[in-house]
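Report on the structure
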Amino acid sequence: PYTLSLHDALPILLRNTHNGQIELNVKVESPQFVTTSFGGADGANDGNVITKKCTENEYTTFRYSYNGSYQKDAYITSASQITDLTGLTNSDLIMLDIQYASKLVNLNIDDNTKLTALHINNCTNLETFSAKNCTALTSVLDFNNSKNLKSIDVSGSGVQSIICNKCLYLENINLNSSRITSYISENSN
């Protein structure tokens, strides 16, 4: 049976300045109704709401075309049930709040050169993280709640500090051409 998430009030938020089509692919852990709303940064969605049945472990695609390069928000409900979300690379993100996606396994936000804010602190099942060439992202990335994290790639990014003390399975870290000045890990040698 398809369900509505009890956590619809805690969505994923993508703020962007994209002009053109956005295509997001969502994979959920169990059958869910997932709603996306595309609109302005003032919270108005201007009728651009799409609700679809998402089948477990299969991608469901949400498409919308933005006109103009002004700041806009997209909300995705059922964040706590989402295991994978694609379509975020080179999407003119300026802010991504994905902290309620506790079951998210992979996050690839490469080539978002305007991205300045990223909220990921409750992504407890995250295994791979990639933010290559996110040159405006200068914040501290704290992965301490992502104990299953295996791979981090921030090459060419503006990230200055990574904290991953509790990442027991971390195998690959790519810091090439990044601005890293601090890397904190109990596993570092």
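None of the values given here were measured: they were computed from a predicted structure.

Definitions and cut-offs
The residue numbers shown here count from 1 along each chain, following its written sequence. Restriction of local features to residues with pLDDT of at least 70 applies here, the model being predicted, together with a cutoff of 80 or more for giving and counting side-chain atom pairs; totals for whole chains, interfaces and linings are based on all residues. The basis for the side-chain values is all heavy atoms of the structure; hydrogens and waters are excluded. Note on pairing: two strands pair once DSSP finds at least 2 bridges between them. A run of H or I in DSSP counts as a helix once it spans at least four residues, and a run of E counts as a strand once it spans at least two, with each numbered from the N terminus. Helix axes are fitted only over the stretch in contact, all axes being lines through C-alpha atoms; the angle between N-to-C directions runs from 0 to 180 degrees. Any residue under 20% of the maximum accessible area for its type is buried, any over 50% is exposed, and the rest in between are partly exposed; the area is computed with a 1.4 Å probe on protein chains only. Take the buried residues of types Ala, Val, Leu, Ile, Met, Phe, Trp, Tyr and Cys, join any two whose side-chain atoms come within 4.5 Å, and each joined set is a nonpolar core. We call two residues in contact when some of their heavy atoms are within 4.5 Å. For each structure, a 1 Å grid was placed over the protein atoms alone; sets of points admitting a 1.4 Å probe that cannot get out are labelled cavities, open sets with protein on both sides within 12 Å along at least five of seven lines are labelled pockets, and lining residues have an atom within 4 Å of a point. Grid points are joined across faces, edges and corners, and a volume is the space filled by probe spheres set on the points. Side-chain classes follow a simple rule in which Ala, Val, Leu, Ile, Met, Phe, Trp, Tyr, Cys and Pro form the nonpolar group, Asp, Glu, Lys and Arg form the charged group, and the remainder, Gly included, forms the polar group. Residue-level confidence of the predictor, termed pLDDT, takes values from 0 up to 100. Every case where a carboxyl oxygen of Asp or Glu lies within 4 Å of a side-chain nitrogen of Lys or Arg is listed as a salt bridge. What qualifies as a polar contact is a pair of N or O atoms within 3.5 Å, subject to a donor-acceptor requirement within protein and to the restriction that residues adjacent in sequence count only when both atoms come from side chains.

Some points on the sheet that holds strand β15 (residues 161-163)
Overall, parallel pairing links the 3 strands, which are arranged β13-β15-β17 in an open sheet. At either end of the open sheet lies a strand with only one pairing partner, and these are β13 (140-142) and β17 (182-184). The average angle at which neighbouring strand axes cross in this sheet is 10 degrees, direction not considered. Across 3 bridges, the pairing between β15 and β17 is parallel. Residue Ile162 lies in a different strand from β17, and its bridge partner there is Tyr183.

A few points about unusual backbone geometry
Note: most residues except glycine have negative phi, and most peptide bonds are trans. The backbone of Asn90 shows a phi angle near 50 degrees, a positive value even though the residue is not glycine. With respect to the secondary-structure elements, Asn90 resides in the loop between β8 (82-86) and β9 (93-97). Looking at Asn90, the relative accessible area reads 52%, which means it is exposed. Its identity is not glycine, yet Asp111 carries a phi of approximately 65 degrees, on the positive side. With respect to the helices and strands, the residue Asp111 is situated in the loop between β10 (106-108) and β11 (117-119).

Quick word on the nonpolar core
Ranked by size, the top nonpolar core spans 43 residues in total, and within it Leu96, Phe129 and Phe143 carry the most contacts. Taken together, the elements giving at least two residues each to this core come down to β2 (12-16), β3 (20-28), β4 (32-40), β6 (60-66), β7 (72-76), β8 and β9. A per-element tally of this core places β3 first, with 4 residues. Residues in contact with Phe129, not counting those within four places in the same chain, are Leu107, Ile109, Leu118, Ile120, Leu141, Phe143, Leu149, Ser151, Ile152, Asp153 and Val154.

Let's talk about empty space enclosed by the protein
A full pass over the atoms with the stated rule returns 1 cavity of 30 Å³ or more. Here the largest cavity defines a volume of roughly 60 Å³. Taken together, Leu14, Asn16, Ile22, Leu24, Ala74, Gly87, Leu88, Ser91 and Leu93 form the lining of the largest cavity. For the lining of the largest cavity, the secondary structure elements donating two or more residues are β2 and β3. When its residues are assigned to classes, the lining of the largest cavity shows 6 nonpolar, 3 polar and no charged.

Things to note about the confidence of the model for the protein chain
Looking at the protein chain, pLDDT values average 87 and 88% of them are 70 or higher. Considering each helix and strand of the protein chain separately, the mean pLDDT is smallest for strand β1 (residues 3-4), with a value of 56, and largest for strand β12 (residues 128-130), with 97.

Observations concerning the pattern of salt bridges
Within the structure shown, the criterion is met by 5 salt bridges. The partner of Glu29 in a salt bridge is Lys103, with the nearest N and O atoms 2.6 Å apart. Of this pair, Glu29 sits in the loop between β3 and β4 while Lys103 sits in the loop between β9 and β10; the two residues are 74 residues apart in sequence, bridging distant segments of the chain. Residue Asp110 pairs with Lys132 through a salt bridge whose shortest N-O separation is 3.8 Å. Placement of Asp110 in the loop between β10 and β11 and of Lys132 in the loop between β12 and β13 is noted, with a sequence separation of 22 residues between them. Given the relative accessible area of 31%, Lys132 is considered partly exposed.

Here we look at the environment of Asn125
Relative to the assigned elements, Asn125 resides in the loop between β11 and β12. The residues contacting Asn125, other than those within four sequence positions of it, are Ser102, Lys103, Leu104, Val105 and Asn148. Side-chain polar atoms of Asn125 contact the backbone oxygen of Ser102, separated by 3.1 Å.

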